[in-house]
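A closer look at the structure
One letter stands for each residue in the lines below.
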Amino acid sequence: MNPTTTAYLRRLGVPAEPPSAAALARLHRAHVERIPYETFWLHLGEDRGIDPAGSAALVAGSTRGGYCYQLNGALATLLADLGYRVSAAVAGVHDAAGPQASTLRNHVALLVDGCPTEANPGGRWYADAGLGDALHEPLPLVTGVYAQGPMRFGMSEVAPGGVGDWHFSHDRAGSFGGVSLVDAPVPIASFADRHHYHRTSAESSFARTPTAQLRHPTGTAVVRGCVFTRTDGAATSTHTCERLGEWLDLLDGELGLRLDAPAAALAALWTRVRRAHDTWTGARTSA
């Protein structure tokens, strides 16, 4: 086991175990509970790529996270070093309008093979640490409805002529509609062009508002801009940060996200975030 994997497991707080469905679930739960989905790197002007080894090293050696290509690339590296049969797959996150071919490659998913259970004798699993407010544990790649805490997810095989090969339906309370999955292995490098678009295009949704998200057994913890929202089952609480120091403390305390950036860069980002929030609230008040 290499030093990066040792440090990675230390951050997750789980031991190294032989591959199994139960061990995979433990790793996945720890990942989405401790490694934040976050786009702060983009808003701080950090030049981050999607090389899986580099993403794994960053996750293992910092208090930072990343978005889908980075988080799932890192998780795939960890799983492979632990002996899992894991591959990246083209995926497309879509809204309530439903699956669209145009969304494919806006996301990368992980497919894990060789971990059979009584309920999933084929041993194939959909793992995804890069969705923010969705999976707490991997889902069997078997058509069905699956409960994880208060959330209900669907997995279904796509009919010929549809988008992708499998479709994941998010819980009704989720931030998006679902994910289309293409059941074929691809290298993470094949998402480089889409990553460049997400990182540089004025039309990129990722560039609009800095976001950080974690899952926990009964819900989610989410920061969008300067607003923190926590869900616990049917209960939801919201808090708006008023000062930079409060914001940074909340990110660290609630999401384990300690921003290792120069003070001037953090102050400039806070000014932009707060200005955008005030503009948004002002527009809502006058509407």
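What this report covers is the structure whose coordinates are included nearby. For clarity, every value in this text was computed on a predicted model and none was experimentally measured.

1. Some remarks on the environment of Arg85
You can see Arg85 is positioned in strand E2 (residues 85–94). On the basis of relative accessibility, which here comes to 57%, the residue Arg85 falls in the exposed class. Between the C-alpha atoms of Arg85 and Thr271, which are 186 residues apart in sequence, the distance is 45 Å. Those residues in contact with Arg85, other than ones at most four positions away along the chain, are Leu111, Val112, Asp113 and Gly114.

2. Examining empty space enclosed by the protein
Taken as a whole and assessed by the stated rule, the structure comprises two cavities of 30 Å³ or more. The volume enclosed by the largest cavity comes to roughly 70 Å³. If you go around the largest cavity, you meet 15 residues; those closest to its centre are Val32, Tyr37, Ala129, Leu131 and Gly132. Among the elements that take part in the lining of the largest cavity, strand E10 (residues 211–216) stands out by supplying three residues, more than any other. Looking at the lining of the largest cavity, its residues break down into 10 nonpolar, three polar and two charged. Volume-wise, the second largest cavity comes out at about 40 Å³. Split by residue class, the lining of the second largest cavity holds seven nonpolar, no polar and two charged.

3. Regarding helix H1 (residues 3–12)
The α-helix advances 3.6 residues per turn, and as a result positions three or four apart in sequence lie on the same side. Inspection of H1 places Thr5, Ala7, Tyr8, Leu9, Arg11 and Leu12 among the buried residues, and these make up the whole buried set. Tucked inside the fold, the buried residues of H1 contact helix H2 (21–34), helix H4 (52–61) and helix H5 (68–81). Directly beyond the C-terminal end of H1, a positive phi value near 75 degrees is found at Gly13.

4. Concerning H4
Taken together, the buried positions of H4 are Ser55, Ala56, Val59 and Ala60. Angular distribution of buried residues about the axis of H4 spans 130 degrees; they occupy a single face of the element. Where the residues of H4 are buried, they touch H1 and H5.

5. Observations regarding the nonpolar core
Counting 42 residues, the largest nonpolar core has Tyr8, Leu12, Leu27, Leu78, Tyr84 and Val112 as the members making the most contacts within it. Of all elements in the fold, only H1, H2, helix H3 (40–43), H4, H5, E2, strand E3 (107–113) and strand E4 (125–127) reach the threshold of two or more residues within this core. Sequence-distant contacts of Leu27, defined by excluding residues within four places in its chain, comprise Leu9, Leu12, Val14, Leu78, Leu79, Leu82 and Tyr84. The next biggest cluster of nonpolar side chains, apart from the first, holds 21 residues, and it includes Phe40, Ala212, Leu269 and Val273.

What counts and what doesn't
Residues numbered from 1 in each chain as written. Predicted model: local features only at pLDDT ≥ 70, side-chain atom pairs only at ≥ 80, totals over all residues. Heavy atoms only, no water. Helix = DSSP H or I, 4+ residues; strand = E, 2+ residues; numbered from the N terminus. Buried < 20%, exposed > 50% of the residue type's maximum accessible area, 1.4 Å probe, protein only. Contact = heavy atoms within 4.5 Å. 1 Å grid on protein atoms, 1.4 Å probe; cavity = no way out; pocket = protein on both sides within 12 Å on 5 of 7 lines; lining within 4 Å. Points joined across faces, edges and corners; volume = space filled by probe spheres on them. Nonpolar A, V, L, I, M, F, W, Y, C, P; charged D, E, K, R; others polar. Arc of directions from axis to C-beta. Core = buried A, V, L, I, M, F, W, Y, C linked by side-chain atoms within 4.5 Å.

Nothing here speaks to function; it is all geometry.
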